[in-house]
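Here's the letter readout for the chains.
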Amino acid sequence: MENSGIYVGLDIGTTSIKVIVAEHIKGQMNIIGVGSERSDGLSRGVIVDIDRAVSAIKKAIQQAEQKANIQISKVTVGIPANLLEIVPCNGMIAVSDEAGSSKEIDENDVYRVTEAALVQKLPPERDVIDIIPDEFIVDGFDGIKDPRGMIGVRLEMNGVVYTGPKTVLHNTMKCVEKAGLKVEGTVVSALALSTIALSDGEQDFGAVIIDIGGGQTTAAVVHDHKLKYTYVDQEGGMFVTKDISVVLNTSLENAEKIKRNYGYAASNLASKDDVFPVEVVGKVDPVQISGEYLSEIIEARMTQIFEKLRDALEDIRALQLPGGIVLTGGLAALPGMKELAEDVFGVNVKVFIPQQMGLRHPSFSQAIGLIKYVMQQGEIEKIVKSTIASGDELDALKENKKVVALNPQVEEKNTKKKRNAGKKNNAFDGVKNFFNTFFD
């Protein structure tokens, strides 16, 4: 797979694990292998049993290997947005030679300035998932996307760092490694999803992606081609299945089949005249249930989930973004989901379905998004991302003082920024202020 233009995306979901193998030829993404296995060892998007999760990952990988006729050794892994934090970062280094004269900036300088941006005080329970450069500044000239080859004495980088719980990251990496694979990169799942589910205009002017998974539902706000905010509700498709099971007194397996075969998310679209048999615990003969009654069960749970998301999105005025809402994830395929979302959110809603042959179902969106995200990364983004170090390595950098600011004025400026950041009243204030700049 070295230098072959082949990419592998691994989506570790609560209900299923999906592996997509694609080749990149002349700017086109061609899917050559797919693996899908029922998840085990996960709860609400988080790994809770490493050994069981490893077994499921191995099975999905084997399926993809057989269909693609290759041996998979490296994967790009999606990280859920649970307790995700999005924080700005900046770094500054001197690039002058020993005599103090300007020199040509090279790849090593990009590594060093990224390290400078990453050397920040992270809580012990958090780790870096991804880092994205917004711009480089050479001797005060800003807006530079790739500083390599330029002449200067001072190099700065402004970017965004995505951090997550160290437990989630460690367990995910451990599972992938125990499955005999190397983690080529970690990507925030919501960020990867935006690259495939949103058009260029939607990413630019702003839109909300709602990923309705099996164990949880994630809302992600994208604006100016950047992930600005995420909100995770710990309820998803499995909760709908459990509701059906409890109300109809049937097994979870039967409830899942009923949901997929007869379910509607909006009760006004279902018919009370359409009935189907349900195997009820304690009864010999099946009981006839109407489609309208089933849809009322589904609608109640989905309305509850959507209302929680709506409240969170209204707090930051995200529902005013012109791109509206894009639904994806396995449960988004349920008939009536679009209509129910429009009724609850009061904005334009559409459902994203991948168009790749054999993968035309919203449940494959995440895995495909991981591949597309990596494929469209430029060389400078890959250099910056490769600088991500473990917490121990970053601590060593701080202790050895390998990365220092150019002068005391820079340190004073950064100290003031940190002091002002600590004055926020709550976690939403910063996000509210951000969106106010666009909507006022």
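Residues numbered from 1 in each chain as written. Predicted model: local features only at pLDDT ≥ 70, side-chain atom pairs only at ≥ 80, totals over all residues. Heavy atoms only, no water.

**Student:** Got a minute to help me understand the packing of aromatic side chains in this structure?
**Tutor:** Note on aromatic pairs: each is described by the distance of the centres and the angle between the planes. Applying the stated criterion across every chain yields a total of two aromatic pairs. Ring geometry for Y262 against F276: centres 4.2 Å apart, planes inclined by 5°, an arrangement best described as stacked. Within this pair, whereas Y262 is found in helix α7 (residues 252–262), its partner F276 is found in strand β17 (residues 275–278), the two being separated by 14 residues in sequence. Exposure remark for F276: the relative accessible area of 2% places this residue in the buried category. Measuring from ring centre to ring centre gives 5.3 Å for F306 and F345, while their planes differ by 55°; the resulting arrangement is tilted. Here F306, found in helix α8 (residues 291–315), pairs with F345, found in helix α9 (residues 337–345); they are 39 residues apart in sequence, far enough to count as distant. Of the residues examined, F306 reaches a relative accessible area of 0% and is grouped as buried. Against the face of F239 rests K242, its NZ or CZ located 5.4 Å from the ring centre. (Phe/Tyr/Trp six-rings, centres within 6.5 Å; stacked < 30°, edge-to-face > 60°. Helix = DSSP H or I, 4+ residues; strand = E, 2+ residues; numbered from the N terminus. Buried < 20%, exposed > 50% of the residue type's maximum accessible area, 1.4 Å probe, protein only. Lys NZ or Arg CZ within 6 Å of the ring centre and 35° of its normal.)

**Student:** Looking at this model, I keep getting lost on helix α1 (residues 50–68). Mind explaining?
**Tutor:** An α-helical segment advances 3.6 residues per turn. Residues three or four places apart therefore align on the same side. Helix length check: α1, at 19 residues, gives a terminal C-alpha distance of 26 Å against a target of 27 Å (1.5 Å per residue), a fit within 8%. Of the residues making up α1, those classed as buried are A53, V54, A56, I57, A60, I61, A64 and A68. Looking straight down α1, one finds its buried side chains confined to an arc of 165°; they lie on one side. For α1, exposure combined with an orientation more than 90 degrees from the buried face picks out D51 and Q66. Here α1 starts with a cap whose side-chain oxygen sits 3.3 Å from the backbone nitrogen of D51, and that cap is D49. Looking one or two residues past α1, N69 carries a phi angle of roughly 60°, positive in sign. (Expected span 1.5 Å × (residues − 1). Arc of directions from axis to C-beta. Polar contact = N/O pair within 3.5 Å; in protein donor to acceptor, adjacent residues only side chain to side chain.)

**Student:** Looking at this model, I keep getting lost on the pairing of strand β14 (residues 207–212). Mind explaining?
**Tutor:** Regular strands have side chains that alternate between both faces of the sheet. Across the six residues of β14, five count as buried, placing the element largely inside the fold. Once β14 ends, the chain turns through four residues before running back antiparallel as strand β15 (residues 217–223). Direction of pairing for β14 relative to strand β19 (residues 325–328): parallel, over a ladder of four bridges. By the bridge assignment, I209 is partnered in β19 with V326. (Pairing = 2+ DSSP bridges.)

**Student:** So what exactly am I meant to see when it comes to the side chain of T241 here?
**Tutor:** For T241, the position within the fold is in helix α6 (residues 237–248). Its relative accessible area of 6% is what places T241 among the buried residues. Setting aside residues no more than four positions away along its own chain, T241 makes contact with L252, A255, E256 and K259. (Contact = heavy atoms within 4.5 Å.)

**Student:** Any chance you could explain the packing of α6 against α7 here in plain terms?
**Tutor:** Relative orientation and spacing of two packed helices are given, respectively, by the angle between their axes and the distance between those axes. Between α6 and α7, the shortest axis-to-axis distance is 8 Å and the interhelical angle comes to 110°. One way to sum up the angle between α6 and α7 is to call them roughly perpendicular. The interaxial crossing formed by α6 with α7 has right-handed handedness. Note on element contacts: α7 touches α6 through L252, A255, E256 and K259, opposite G237, V240, T241, K242, I244 and S245. For the contact of α6 with α7, the class distribution of residues is four nonpolar, three polar and three charged. (Axes fitted to C-alpha atoms, helices over the stretch in contact; angles between N-to-C directions. Parallel < 35°, antiparallel > 145°, perpendicular 65-115°, else oblique. Left-handed = near helix turned anticlockwise from the far one by under 90°. Nonpolar A, V, L, I, M, F, W, Y, C, P; charged D, E, K, R; others polar.)

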